[in-house]
Amino acid sequence: MNTIPDDFDPIPSTRYRPAIGVGTLKQAMTEADALAVPVVAGSEPPEELGIDADGLASAGFTAQRGQTLVRPADAPVRVAVGVGASGRLDVTLVRDLAAEFARAVPWHRRLAVEIPPREAGISPADFAQAATEGVLLARWRYFVGRGAGEPLLESLLIVAADEDADVVAPAVERGRVIAAAYCLGRDLANCPATTLSASRMAEVALEVGAAAGLQVEVFDKEQLIELGCGGLLGVNRGSVEPPRMIRLRYEPDHPTGRIAFIGKGVMYDSGGISLKPSDESHAQMKNDMTGAAAVLASMTALRALYCPTAVTGYLMCTDNMPSGSAMKLGDVLRMRNGKTVEVLNTDAEGRLVMADALALAAEEPVDAIVDIATLTGACLRTFGVEIAGVMGNDAAVVAQLKRAGEATDELVWELPLHRPYRAQLDSAIADLTNMGGVNAGSITAALFLEEFVDGVPWAHVDIAGTAQLPEVRTWRNKGATGAGTKLLIEFARAFTRPAAAS
């Protein structure tokens, strides 16, 4: 029988390093295979494009936002990229346009992107960072086997004026670091579940964590029993693969705040005894560890980005499988904080594994806790695949997540933490159940999680919709997306203590 080898590399994007830097137009014209030239609507295009505005118009290109036109020519191929009217360019559009450019020339290995004049509405540094992110994220690939034949990117050159080079270079490096972290998250979320078990996830965390200057601790089954992590252990009962809790620590020299990230790491979710139907959504359940992937990936970028906030990350990793030893409906679990939970649905397992980590995080001196998970189908039904849900007990923490989402184009939208719905979680034999009623599933799931934060400022991000895309959308890939990585990076970098934690 053909199986994926045990030594299959789950994180191939970390193994190659395209050359990324800042240079001149002369360099781009001699070294690049394809050059992106931004064109402002209503203005004459730059000379290096080799065509005037009338020629572009005759080809149907009017430089509206998002338009691209590939001009085959002697190397480098020139790609006109429309940025719209003067003064209206922003980082989200730049990221999207850079991705469109990279996808328009998929067979070209050496790319260059020219920074437009300032009247386009964006600083050279902001443009450079967003363009770097867009190109690298669009050219990410993950294949098991021979691949699709498209060549890997060899180099990216950001073309800047001499007077801007000093501010553009660090911006390009920021873009590279953020994109590399996101690609790591994508690798993990797309890796087949048979290959990326909970114990293999721990090995990956030890490898990439050490390289990123993180302290990494791995807790095995016996240690989890000692800690009283009944949620993670209960979900794991049906699996032949042992569970792992992975704790990551990032500590800057003079931290301005302390936060904890909790990531759901259900490596494969069959639903357990509450077995999922055999449909496309079931086949996607290797991505049910996207929250854990986002926490790990985001934390690998913090030291390189000089993040001022201390961060502790918890990855709660296990399969959720049916077997003779699996958790049953009606079972009662005792969680880390001593609360008991009656299990009414074994497919509501994510909240069980995260509850233990939330309780552990609340025992430490932290200013805020953020958990991230592919938690509820209700959130997918509410927001679709482009917006994540957010709820929390602290308005300031939720507001900071919203700002981080806007800055990174990983949008979150707040749902109310409507506490009267907490009654839906009442149990006749335990402190609470793991399942509410048929309605407001995202809210009742968040209310369940709130039971374990002990009043610490906290927010919950539900990425059930954004973790999987049916098709390519600008810099986002088809399939498991690794959603949340950029959101968490930006939240940690810009974090300020909420009043409740001061």
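The rules we used
- Residues numbered from 1 in each chain as written.
- Predicted model: local features only at pLDDT ≥ 70, side-chain atom pairs only at ≥ 80, totals over all residues.
- Heavy atoms only, no water.
- Helix = DSSP H or I, 4+ residues; strand = E, 2+ residues; numbered from the N terminus.
- Buried < 20%, exposed > 50% of the residue type's maximum accessible area, 1.4 Å probe, protein only.
- Contact = heavy atoms within 4.5 Å.
- Phe/Tyr/Trp six-rings, centres within 6.5 Å; stacked < 30°, edge-to-face > 60°.
- Lys NZ or Arg CZ within 6 Å of the ring centre and 35° of its normal.
- Pairing = 2+ DSSP bridges.
- Axes fitted to C-alpha atoms, helices over the stretch in contact; angles between N-to-C directions.
- UniProt positions renumbered as here; feature names shortened; annotations may be inferred.
- Polar contact = N/O pair within 3.5 Å; in protein donor to acceptor, adjacent residues only side chain to side chain.

Colleague: Help me understand the environment of G234 in this model?
Modeller: Residue placement: G234 occurs in helix 8 (residues 230-236). For G234, a relative accessible area of 3% puts it in the buried group. Separated by 95 residues in the primary sequence, G234 and R139 have C-alpha atoms spaced 40 Å apart. Every residue in contact with G234, bar those within four places of it in the chain, is listed here: M327 and L333.

Colleague: Got a minute to help me understand the packing of aromatic side chains in this structure?
Modeller: To describe a pair of aromatic rings, one takes the distance between the centres and the angle between the planes. On inspection of all chains with the given rule, the structure shows five aromatic pairs. Here the aromatic rings of F448 and F452 are separated by 5.3 Å at their centres, their planes lie at 45°, and the arrangement is tilted. Just as F448 is buried, F452 falls in that class too. Ring geometry for F491 and F495: centres 5.5 Å apart, planes at 50°, overall tilted. For the pair formed by F491 and F495, the shared burial category is buried. Taken together, F261, F491 and F495 form an aromatic cluster joined through their ring pairs. It is K486 that lies over the ring of W475; its NZ or CZ is 4.0 Å from the centre.

Colleague: Looking at this structure, I do not really get the sheet that holds strand 10 (residues 310-320). What am I missing?
Modeller: By definition, the strands of a sheet pair up through backbone hydrogen bonds, in either a parallel or an antiparallel sense. Overall, mixed pairing links the eight strands, which are arranged 7-8-10-9-13-17-14-15 in an open sheet. Of all strands in the sheet, those with a lone pairing partner are strand 7 (215-219) and strand 15 (412-414), marking the two edges. Taken over all neighbouring pairs, the strand axes of this sheet differ in orientation by 20° on average, direction set aside. Judged from the seven bridges that link them, strand 8 (residues 244-250) and strand 10 form a sheet pairing that is antiparallel. Within strand 10, the position partnered with R247 by the bridge is Y314. Across the sheet, helix 14 (residues 441-450) is in contact with strand 13 (368-373), strand 14 (388-392) and strand 17 (458-462); its angle to strand 17 comes to roughly 140°. The sheet strands contacting helix 15 (residues 485-494) are strand 9 (258-269), strand 10, strand 13, strand 15 and strand 17, and the helix crosses strand 9 at an angle near 170°.

Colleague: Explain the UniProt feature "active site" (unreviewed entry) in the chain to me, please; I cannot follow it from the model alone.
Modeller: As recorded in UniProt, the sites labelled "active site" (unreviewed entry) are K276 and R351. Residue position: K276 is located in the loop between strand 9 and helix 9 (280-283). For K276, the side chain forms a polar contact with the side chain of D269, separated by 3.5 Å. Among the structural elements, R351 can be located in helix 11 (residues 350-362). Beyond its immediate sequence surroundings of up to four residues, R351 is in contact with L375, T376, N434, M435, A445, F448 and L449.

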